[in-house]
Amino acid sequence: LQKNQFTFSSQAYFHRLKARIFVCQGKFDQAILEIEEALSLEPNNPRNTRSLGTIYHIKGDFETAEQIYKRLLENEDPGFRSDGRFWLSRLYLSQGKYEKAIDEIEKGIALSREFDLKYDLSDFLLFLGYLNIGLNRYVQAIETLDLAIQLAKEAGAKEDEQVTLHYRGLAQVRMNT
């Protein structure tokens, strides 16, 4: 059964949905229990793994989140390996580990190019541009964001294009002040 591009194929989906609700309510332990139930139903579904890592990340248990995100890197699907790089980069950023975040982004960019994951590539470039703004590397930020804008245009991703244009403008303003 397909609806709004989401597949409702199992009870695991509903456990992930309940987990999101618990996260929004700040009930992290209950959210973890829901994801563990989803994992028991679909142990090889990387969405369950990603969701579990995200809950630990939001909860502030960075070590556990890192271990869980790294499991995504072992998946044979390059899209899920890309997700692993994506979430590891955000985890490292949230801890102020900028060079580790950049390293994960660069690995994600390489993976995205290797497997022609254009949307992921655009996201990685946007995030790298954002990170370079925060590190006062404005020229690099603008160059990276220009490429991300081009990819968003090619993909017809108007919202991504707008967000990227916003960050590019921010980089330009900060560079000129």
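Conventions we followed
- Residues numbered from 1 in each chain as written.
- Predicted model: local features only at pLDDT ≥ 70, side-chain atom pairs only at ≥ 80, totals over all residues.
- Heavy atoms only, no water.
- Helix = DSSP H or I, 4+ residues; strand = E, 2+ residues; numbered from the N terminus.
- Rg over C-alpha atoms; globule rule 2.2 N^0.38 Å.
- Buried < 20%, exposed > 50% of the residue type's maximum accessible area, 1.4 Å probe, protein only.
- Areas by Shrake-Rupley, 256 points an atom, 1.4 Å probe, with all protein chains shown as cover.
- Salt bridge = Lys/Arg side-chain N within 4 Å of Asp/Glu carboxyl O.
- pLDDT = per-residue confidence, 0-100.
- Contact = heavy atoms within 4.5 Å.
- Core = buried A, V, L, I, M, F, W, Y, C linked by side-chain atoms within 4.5 Å.
- Patch = residues over 30% accessible without salt bridge, like charges linked within 9 Å, V, L, I, M, F, W, Y side chains within 5 Å.
- Axes fitted to C-alpha atoms, helices over the stretch in contact; angles between N-to-C directions.
- Parallel < 35°, antiparallel > 145°, perpendicular 65-115°, else oblique.
- Left-handed = near helix turned anticlockwise from the far one by under 90°.

Draft legend 1. Representation of the overall build of the protein chain. Check the secondary structure of the protein chain and you find nine helices and two strands. Going from N to C terminus, the protein chain has its helices and strands arranged as β-β-α-α-α-α-α-α-α-α-α. In summary, the protein chain has a C-alpha radius of gyration of 17 Å against a globular reference of 16 Å for 177 residues, a match within 12%. Sorting the 177 residues of the protein chain into buried and exposed places 46% on the buried side. Surface exposure of the protein chain reaches about 10,100 Å², of which carbon and sulfur atoms provide 50%.

Draft legend 2. The arrangement of the pattern of salt bridges in detail. Per the counting criterion, the structure on display carries eleven salt bridges. Across the pair K70 and E66 runs a salt bridge, and its minimum N-O distance is 3.6 Å. With K70 and E66 both in helix α4 (residues 62-72) and four residues apart, this pair spans about one turn of that helix. Each of E66, K70 and K100 takes part in one network of salt bridges that share partners.

Draft legend 3. Main features of the environment of Q67. The topology assignment puts Q67 in helix α4. Sequence separation between Q67 and G169 is 102 residues, and the spatial gap between their C-alpha atoms is 36 Å.

Draft legend 4. Quick look at the confidence of the model for the protein chain. With 95% of its residues at a pLDDT of 70 or more, the protein chain has an overall mean of 92. The model gives residues 1-8 a pLDDT under 50, and that stretch makes eight contacts with residues more than four places away or in other chains.

Draft legend 5. Examining unusual backbone geometry more closely. Positive phi is not limited to glycine here, since D116 has a value of about 55 degrees. Residue class for D116 comes out exposed when judged on its relative accessible area of 53%.

Draft legend 6. Up close: the nonpolar core. Core analysis: the largest hydrophobic core is formed by 29 residues, its most contacted members being L52, I55, I105 and I109. Those elements that place two or more of their residues in this core are α1 (11-24), α2 (28-41), α3 (46-59), α4, α5 (78-94), α6 (98-114), α7 (118-134) and α8 (138-155). Among the elements that take part in this core, α7 stands out by supplying six residues, more than any other. With residues near it in sequence (within four places) discarded, I55 still touches A19, V23, F28, A31, I32 and I35.

Draft legend 7. Structural context of the environment of S94. Relative to the assigned elements, S94 resides in helix α5. Residues S94 and G79 lie 15 residues apart in sequence; the distance between their C-alpha atoms is 23 Å. Excluding anything up to four places from it in sequence, S94 contacts H57 and F62.

Draft legend 8. Summary view of a nonpolar patch on the surface. A cluster of nonpolar side chains, F14, L17 and I21, forms an exposed patch at the surface whose accessible area comes to about 240 Å². The exposure class assigned to F14 is partly exposed, which follows from its relative accessible area of 37%.

Draft legend 9. Region of interest: α4. Those residues of α4 lying buried are A65, E66, I68, Y69 and L72. Close packing links the buried residues of α4 with α3, α5 and α6.

Draft legend 10. Region of the structure containing the packing of α3 against α4. Packing of α3 against α4 brings their axes to within 8 Å, and their N-to-C directions diverge by 160 degrees. Viewed along their axes, α3 and α4 adopt a mutual orientation that is roughly antiparallel. In the crossing of α3 with α4, the sense of the turn from one axis to the other is left-handed. Touching P46, T49, R50, L52, G53, T54, Y56 and H57 of α3 are F62, T64, A65, I68, Y69, R71 and L72, all from α4.

Draft legend 11. Up close: the side chain of R85. One can find R85 in helix α5. Residue R85 is classed as buried on the basis of its relative accessible area, which comes to 19%. The residues touching R85, leaving out its near neighbours within four places in the chain, are L73, E104, K107, G108 and F124.

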